[in-house]
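A closer look at the structure
Residues per chain, in single letters:
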Amino acid sequence: MIPVSISRRLIITGIRNPVLSRLSTARLLSTAQTPSSRPPRAPALIVAEPSENDLKPRFTTPIETTPEEYLNEDLSKPLKPTDLPVEDYASPLLHTANTFATLFRYTVYGSVTIVLLSLGAFAGVHLWVEKVELAGDGASKSSTGADEEDQHMWGEELDGWSGGHLGGGTDPRLGIRARMAIRSAWIGQSWGAGITASPVSPSPSSSPFGGAMIGTQSHVNVGRAVPDAGWQMAENYLVYAISRAEQKGISLLSPEEKVDRTALELEERLAGVRERMGGRFKLEEARAGWERVYHALSSTGSPSPWEQREKVRATKRLGEISARLADLEEDGSEFRNIELGKAEGWLVGGLVPVLSTNEGIPPNFQIEKSTKSVSPSSSFFGFWSRSHPPSHPNSSVTADYSDLKPALSNLLRLVDQATIQPTLFDPATSRTILTSLLSLETHLARSRNLPAAAATQRSALSFAQSLHSTPEFSPSPTSGGPNISQIKLDSADSSSFPWSKRQWTSTTLAQLSLLARSAILSTHLAEVSLAQGKNSPEPEALARLQGAINDCDVVLSVLDGSPLLSPLPTGLRRVFSLRSSGKDLDSRKAASAVVRDARLTGSMAARLTAYVHEAGCGSLAIARAKAKGGRVRKSNWCGGDASAEAFYAKAMEFSLGEPGKEKGNAKAKPKGKSEKVKVWDEKGYLEAEKGFIRTRGSVLKNEDELVGKKK
């Protein structure tokens, strides 16, 4: 038997060291079983020295086996329990689940953030378009006239997007979906969509008052299609908005037989987009849209002044579309002649009703009656009247239109009567009539009906000149009439003039607008008279062209540097500036249009003047004379290559809009400026540059020849 004390020690020792426990137990057992004569005594504890393997640390994971041990290992023996792998299937599953849970959480957070940002951006863009881009002058337009400060009704010429007559924005009656579609249409037309961009306003060369000369075939009104994703998107959204408006009972004609201005604006914007897209199919659709507008306006019993204006604008667009459709056909074809006849019929038929009525002026439109004339020596407007005498006095008596078509002769007689009574119409209607007359005379000239074009140009020019003498187009005599060297749109001060700054700006823009239109009419009349070639028209044509150039210089001298031409603030500053300058939006657009027309007209008049001098007795005339074996006869009116060189340089100056540049180096940028030079008329600039280089070479050659002869 092993004593209890020894067994306890063995247990304790075994717990501490298993190897020592086995050795000690074996020795004790052998001692206990050996018989002895001596009395038993307590056995001595013999502790064996642990071996090197016993001192190695033990781990729960199996020790890696070397390649030699693995090859020498007996595969028939089972593995030790300590060498078996620990199989834990819960930990990888939990780790995978935790990874997917984290990924799902981040995906949800990211998706919610993206959705919120997208909704915020969508709402912000629509709010910006509604409150900033489509903001009008801030005042609702009635059917009787304009507000007190905008006496010349520039706000009536702003394109409305269903809310123009309400002061800007969109009409709340349409509902949220239709209004969103209208704003999306504006975004597509103005900002573009996809790869191709879509401009807000026509390019400078697309102005009806300038650009290419009348006789050129590559003019703007060509009916070819222009693929543009933004215009396509605008068309789709406008179609949807009109359908939604019809569902809400908003159509061109209301049950009371009155024209709904909201539906009218939507139809006009849709027809305008299709007209810009071009192509036969889209032009036909645009013509159908303008015809709906025209028939709706014609169905009212007694049209109001704004309905008369819209009717004239609709007929003008119908005539221009018919002319573009005619350009798609070959000269002399039956379809071309039919479309040209339609174009003339629309342009003439739209002007006759408004000129033959005596109700062209609103009931509450007050014309300030003057008791004394403005001083011709100090007034800017007197300066214009002195330099522009009537083209043919008493035209209603002396003009003979017997050689023209009956409809056109009747129209010109009505225009002459309106020239005698220019106060018959309000300013907006007068500008609309004059614009339609410009389209008519341009169409007649391009269709090679030169006698009719010349007669129309003379009548329209007399009508434009008569408008300058009307009180509503001239400053009040009590204002003193500013000197031409002092007149600037930013110089009007309520302490110096009885008018407010907005009234002064409106009146000045009205005069400058008439000045630009008179310049283009004079240029077209000179061009047609040169094309007719009767009774040596060069002196009279050059005088008209010089007057047109002077008119354009006057317009640019007044408007250059004006705050109306400064760029609008960007970002939030523009939002805050709308509270103070919201009513200047119509004046800004009018000023930009007047400057564009003046530069295009000046460039065209200067190029035509240079060509007349060059072809009269310059290098072109010499080359033609040599080819025919004759000699050039120099006339008093002809200045030769030297005058042509100067006018070509003037044309480049008008085209670039950067006066003061050295001749022949108009493309160079001024020193110290890195901004790009804006080209108003790129095609005109290139033509003027070629002419300048040609005439400059001839002048230098002549100078060298003179120097050689003197030597």
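This report concerns the structure included in the present document.

Moving on to the pattern of salt bridges. Tallying each qualifying case throughout the model produces 32 salt bridges. Each of Glu156, Arg261, Arg309 and Asp426 takes part in one network of salt bridges that share partners.

Attention now moves to the packing of aromatic side chains. Across all of its chains, the model carries two aromatic pairs by this definition. Relative to Trp191, the ring of Trp186 has its centre 5.4 Å away and its plane inclined at 80 degrees; by these criteria the two rings are edge-to-face. Arranged with centres 5.3 Å apart and planes meeting at 85 degrees, the rings of Tyr294 and Trp346 form a pair that is edge-to-face. In this pair, Tyr294 is assigned in helix 9 (residues 280-298) and Trp346 in helix 11 (residues 334-355), connecting sequence segments 52 residues apart. Assigned by exposure class, Tyr294 and Trp346 land together as buried. When the ring centre of Tyr106 is taken as reference, the NZ or CZ atom of Arg105 above it lies at 5.8 Å. The ring of Trp154 carries the charged tip of Arg431 above its face, separated from the ring centre by 3.9 Å.

The phi angle at Ser162 is positive, at roughly 80 degrees, despite the residue not being glycine. Look at Arg448: it is not a glycine, yet its phi comes out positive at around 65 degrees. Using a relative accessible area of 52% as the deciding quantity, one classes Arg448 as exposed.

With 19 residues, helix 7 (residues 229-247) ought to run about 27 Å at 1.5 Å a step, and its terminal C-alpha atoms sit 28 Å apart, in line with that. All of the buried residues along helix 7 are Gly230, Trp231, Ala234, Glu235, Leu238, Ala241, Ile242, Arg244 and Ala245. Where helix 7 is buried, its residues touch helix 6 (176-191), helix 8 (261-277) and helix 9. A positive phi of about 85 degrees marks Gly249, the residue just after helix 7.

Take the packing of helix 9 against helix 10 (residues 305-327) next. Angle between the axes and distance between the axes: these two values describe a pair of packed helices. Helix 10 packs onto helix 9 with a crossing angle of 155 degrees between their chain directions and a minimal axis gap of 9 Å. With respect to helix 10, the element helix 9 is oriented roughly antiparallel. Crossing hand, helix 9 versus helix 10: left-handed. Residue-level contacts link Arg280, Leu283, Glu284, Ala286, Arg287, Trp290, Glu291, Val293, Tyr294, Leu297 and Ser298 of helix 9 to Glu307, Glu310, Lys311, Ala314, Thr315, Arg317, Leu318, Ile321, Ser322, Arg324 and Leu325 of helix 10. Its residues assigned to classes, the contact of helix 9 with helix 10 shows 10 nonpolar, three polar and nine charged.

Rules and cut-offs
Position numbers for residues count from 1 along each chain, tracking the sequence in the order it is written. In view of the model being predicted, local features appear only for residues whose pLDDT reaches at least 70, and side-chain atom pairs are presented and counted only at 80 or more, with totals across whole chains, interfaces and linings using the full set of residues. Water and hydrogen atoms play no part in the side-chain values, which are based on all heavy atoms of the structure. Think of a salt bridge as a Lys or Arg side-chain nitrogen and an Asp or Glu carboxyl oxygen that are within 4 Å of each other. Any two of the Phe, Tyr and Trp rings considered here, Trp counted by its six-membered ring, make a pair once their centres fall within 6.5 Å; the pair's planes then place it as stacked at under 30 degrees, edge-to-face at over 60, or tilted in between. For helices the rule is a DSSP run of H or I covering at least 4 residues; for strands it is a run of E covering at least 2, with both sets numbered from the N terminus onward. Here the term buried applies to any residue with accessible area under 20% of the maximum for its type, exposed to any over 50%, and partly exposed to those in between, with areas from a 1.4 Å probe on protein chains only. Two limits define a charge over a ring: the Lys NZ or Arg CZ must be within 6 Å of the ring centre, and within 35 degrees of the ring normal. One fewer than the residue count of a helix, multiplied by 1.5 Å, yields its expected span. Any two residues whose heavy atoms approach within 4.5 Å at even a single point are treated as in contact. Fitted lines through C-alpha atoms serve as axes, helices being fitted only where they are in contact, and the angles separating the N-to-C directions of these axes extend from 0 to 180 degrees. When describing relative orientation, an angle under 35 degrees is termed roughly parallel and one over 145 degrees roughly antiparallel, while 65 to 115 degrees is termed roughly perpendicular and anything else oblique. By convention, the crossing between two helices is left-handed when the near helix turns anticlockwise from the far helix through less than a right angle, and right-handed when the turn is clockwise. Three classes are used, and their members are as follows: Ala, Val, Leu, Ile, Met, Phe, Trp, Tyr, Cys and Pro are nonpolar, Asp, Glu, Lys and Arg are charged, and the others, Gly among them, are polar.

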